Amino acid sequence: MEEPISVLIPLYNSEKYIACTLSSVVNQTWKELEIIIVDDGSTDSSAKIVESFQEEDSRIKLYSQKNMGIGYTRNRLLSLSSSSLILFVDSDDILPPNFISLLYEAKARNKAEIASARVVPFRNKPRKKKGGKEEVYSGEEFLVEMTRPMGKFCYSHSRLMDKALFLSLSFPEDKIFEDVVLMPKIVIRARCVVFVPEAQYNYRINRNGLSHSPFSLRSLDEMDGYMENIKLGEKIENRQVVYYSSLFFLTKYYYYFFKVLFKRMGVKEYLRRYSGEKRRILALRRSK
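The rules behind the values
- Numbering of residues starts from 1 in every chain and runs along the sequence as written.
- Residue-level local features of this predicted model are given only where pLDDT is at least 70; pairs of side-chain atoms are given and counted only at 80 or more, and the full residue set underlies all totals for whole chains, interfaces and linings.
- Side-chain figures throughout are based on the complete set of non-hydrogen atoms in the structure, without hydrogens or water.
- A pair of strands counts as paired when DSSP detects no fewer than two bridges linking them.
- Numbering goes from the N terminus for both helices and strands, where a helix is a DSSP run of H or I of at least four residues and a strand is a run of E of at least two.
- Every axis corresponds to a line fitted to the C-alpha atoms, with the helix fit spanning only the stretch in contact, and the corresponding angles, defined between N-to-C directions, vary from 0 to 180 degrees.
- Convention used here: angles under 35 degrees read as roughly parallel, angles over 145 as roughly antiparallel, angles from 65 to 115 as roughly perpendicular, and any remaining angle as oblique.
- The crossing is said to be left-handed when, going from far helix to near helix, the turn is anticlockwise and less than a right angle, and right-handed when the turn is clockwise.
- In what follows, residue pairs with any heavy atoms lying within 4.5 Å of each other are defined as contacts.
- Note on residue classes: Ala, Val, Leu, Ile, Met, Phe, Trp, Tyr, Cys and Pro are nonpolar, Asp, Glu, Lys and Arg are charged, and everything else, Gly too, is polar.
- Any Lys or Arg side-chain nitrogen located within 4 Å of an Asp or Glu carboxyl oxygen qualifies as a salt bridge.
- Only protein chains enter the accessibility calculation, which uses a 1.4 Å probe; a residue whose area is less than 20% of its type maximum is buried, one above 50% is exposed, and one in between is partly exposed.

### Points about the sheet that holds strand S3 (residues 60-65)
Reasoning step 1: Taken together, the 8 strands give an open sheet; going across it, the order is S3-S2-S1-S4-S7-S5-S8-S6, and neighbouring strands pair in mixed fashion. Strands with a single pairing partner mark the edges of an open sheet, and in this sheet they are S3 and strand S6 (135-137). For this sheet, the mean angle separating the axes of adjacent strands, direction not counted, is 30°.

Below is the structure:
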């Protein structure tokens, strides 16, 4: 008998893509799914498209709220889920039919708390990448993989996780790079993490999405995430996590500084928030 899994989908103005995303979820070979969608105040027809799917599939549950942001929405999805296993899926991404089965089987086989998929970006049509051998990590080892350049990245999507890992933790509701802040704290709690390259999560490069939205001072939330990761690395005394996270911080520091300077947006505030941390990190790297 299949174990129930909660598929959690935050929804906001995704009328162009949500039908493809939902089709890929409801057609999974793993059938014991609770598909929870929270509409974060969409102003397009996204919710109506979901309602049409609801008429055909009783596993889909749709909840609506005023626009509260992605962190709040992810936390609400967690609170609404009734399964002990959760999987976040973004509302414009696509899963192959055996995606959840592959993750579950690898997770069970390795007695892992997290099974992480290979993330493959696409624009128009997903492309199949060649699989590979499973990789098994401790939580701390996988944290290093998440923080290093071209590593596994701090996504909340594409990972089948024990819901218990989130106990007493939540996504920050005042930041837009909520994954960067929370996921390292989740991963470090895991005894075992398995990376499953055969499970391919098709990540749509959406020009209207957050990562491609116009620069604003809220974009600087990404910097706060790297600062949190540096502190976590110091706390667990892992020099690699500190090194890689500080590398990201310093790269983004100069990138965003010139953005702020060019846009003439809050230069003093930027320096107040980050110049002290930059000096501390440079001193820390020199001491290593």
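### Some thoughts on the packing of helix H6 (residues 178-187) against helix H7 (residues 221-235)
Reasoning step 1: At a minimum axis distance of 8 Å, the contact between H6 and H7 shows a crossing angle of 20°. The orientation of H6 with respect to H7, classified from their angle, is roughly parallel. For the crossing formed where H6 meets H7, the hand is right-handed. Where H6 approaches H7, its residues Val 180, Val 181, Pro 184 and Lys 185 are matched on the opposing element by Gly 225, Tyr 226, Glu 228, Asn 229 and Leu 232.
Reasoning step 2: A per-class count over the contact of H6 with H7 returns 5 nonpolar, 2 polar and 2 charged.

### Side note on the pattern of salt bridges
Reasoning step 1: One pass over the full model with this rule turns up 10 salt bridges.
Reasoning step 2: Between Arg 59 and Asp 57 there is a salt bridge, and its shortest N-O distance comes to 2.8 Å. For the residue pair Arg 59 and Asp 57, the accessibility class agrees, reading buried in each case.
Reasoning step 3: A salt bridge links Lys 107 to Asp 162; the shortest N-O distance between them is 2.6 Å. In this pair, Lys 107 sits in helix H4 (residues 99-109) while Asp 162 sits in strand S7 (residues 159-162), placing the two residues 55 residues apart along the sequence. Across the pair, exposure class does not vary: Lys 107 and Asp 162 are buried alike.
Reasoning step 4: Among the charged side chains, a salt-bridge network with shared partners connects Arg 74, Asp 90 and Glu 178.

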